[in-house]
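Structure assessment
So you can see what is in the structure, the chains are spelled out below.
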Amino acid sequence: MIFPEYRPRRMRRNTTLRAMIRETRLSASQMIYPLFIIPGKGKREPVPSMPGVDRISVDQLKQEAASCMKVGINSVILFGLPEKKDGVGSGAYANNGIIQQAIKELKNTTPKMNVITDVCLCEYTDHGHCGCLVGHEVDNDATLELLAKTALSHARAGADMVAPSDMMDGRISEIRSALDENGFHMVPIMSYAVKYASAFYGPFRDAADCAPRFGDRRSYQMDPANSREALREATLDVEEGADILMVKPAVAYLDIISRLRDEFDLPIAAYHVSGEYAMIKAAAEKGWIDGERVMAETLLSIRRAGADIILTYFAKDMAQLLCEQEE
Ligand code: PBG
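On a predicted model such as this, the values are computed, not experimentally measured, just so you know.

Looking at a negative patch on the surface
A surface patch of like charges, here negative, comprises Asp141, Glu145, Asp169, Glu174 and Glu181. Those elements that place two or more of their residues in the negative patch are helix H4 (140-157) and helix H5 (171-181). Inspection of the secondary structure assignment puts aspartate 141 in helix H4. With a relative accessible area of 58%, aspartate 141 lands in the exposed category.

Remarks on the nonpolar core
Ile37, Leu78, Met190, Val194 and Leu260 are the most contacted members of the largest nonpolar core, which totals 108 residues. Among the elements that make up this core, the one with the highest residue count is H4 (seven residues). When neighbours within four sequence positions are excluded, leucine 260 is seen to be in contact with Val194, Ala230, Leu231, Ala234, Leu245, Val247 and Ile268.

Notes on the site of the ligand
Contacts to the ligand come from 18 residues, most closely from Lys195, Arg205, Lys248, Ser274 and Tyr313. The side chain of serine 165 places a nitrogen or oxygen atom 3.4 Å from a nitrogen atom of the ligand. One of the side-chain nitrogen or oxygen atoms of glutamine 221 is found 2.9 Å away from an oxygen atom of the ligand. Within the complex, the protein chains bury 100% of what would otherwise be the 400 Å² of accessible surface of the ligand. For the shell around the ligand, the residue count by class is nine nonpolar, three polar and six charged.

Here's the deal with H4
Over its 18 residues, H4 extends 26 Å from the first C-alpha to the last, a length consistent with the 26 Å expected when each residue adds 1.5 Å. With 13 of its 18 residues buried, H4 lies for the most part within the structure. Between the side-chain oxygen of the N-cap and the backbone nitrogen of aspartate 141 there are 3.4 Å, and the N-cap of H4 in question is aspartate 139. Immediately beyond the C-terminal end of H4, within one or two residues, lies glycine 158, with a positive phi of roughly 120°.

Criteria and thresholds
Residues numbered from 1 in each chain as written. Predicted model: local features only at pLDDT ≥ 70, side-chain atom pairs only at ≥ 80, totals over all residues. Heavy atoms only, no water. Patch = residues over 30% accessible without salt bridge, like charges linked within 9 Å, V, L, I, M, F, W, Y side chains within 5 Å. Areas by Shrake-Rupley, 256 points an atom, 1.4 Å probe, with all protein chains shown as cover. Salt bridge = Lys/Arg side-chain N within 4 Å of Asp/Glu carboxyl O. Lys, Arg positive; Asp, Glu negative; His and termini not counted. Charge placed at Lys NZ, Arg CZ, Asp CG, Glu CD. Helix = DSSP H or I, 4+ residues; strand = E, 2+ residues; numbered from the N terminus. Buried < 20%, exposed > 50% of the residue type's maximum accessible area, 1.4 Å probe, protein only. Core = buried A, V, L, I, M, F, W, Y, C linked by side-chain atoms within 4.5 Å. Contact = heavy atoms within 4.5 Å. Near = heavy atom within 4 Å. Polar contact = N/O pair within 3.5 Å; in protein donor to acceptor, adjacent residues only side chain to side chain. Nonpolar A, V, L, I, M, F, W, Y, C, P; charged D, E, K, R; others polar. Expected span 1.5 Å × (residues − 1).

Any functional reading would require information beyond the geometric quantities listed.
Structure below.
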């Protein structure tokens, strides 16, 4: 049937009809809010390139978690800035490291919060790379042990889920074995399976102070030109035991999210990264776009492409908006 018998506009006439046939929805339960933890007490420092995002000290976590829970955000992912950095990123797996403290604080004050940890060394190494070095190269196999130690120390501190973001080969199976051998077989791994060497991470590197001091991350993060390789990376992580596959960044890689959705039956997560957030914030501050509507439309596009879960600095704002819309 075609026009004039069939008229698509019939189903767009009012909000009730539009809501009834809506194919994709956003939900606070599928958003993860990133938190940056800094040493010290009573600290809350705004990140200049990420308006609305603060770096906070451990004692602020109770209040921060409460503000998340209030709007239905029950999952956070933690990034830490250590007191001191060194060549092998020992702050990442220190028993009382910044993240280990943060996990304990969250689990003590807000036991219902789903605490996910980013597992990587770049915030903890003095050279800013995601692993230890041989000369100017990141040593893949030597790094695996350090990543497994980091993930295990997070689990011991009480983390509910670990999320390796380093892009070393073989890290999922190494982490899975370390967790299993120590009784943490119920701690899932959300793998940054398909992580591109992206310029959209710029503001994050300011927030987490983890820009590489020399070179770049192109020998371990993926080439933005490649999509078949994304399937291969994801396949390896599935075989190694990943529970959730993540694509990162999100909006410039919606095709990748969609391909992974078609090819795999695991939950798919997408990281709407710092640069993607900052661009919307900046344009909205200038009055060039309606920030709230662009936020909602962007996050919806990520869900529509096939992501189940979205990691986003907009999580609280979007959840708040969803609460208001339901009223
Ligand atoms: C650590 C890590 C990065 C991000 C998440 N984990 C930075 C990087 O790989 O350079 C980026 C997140 C963002 O931009 O919001 N490896």
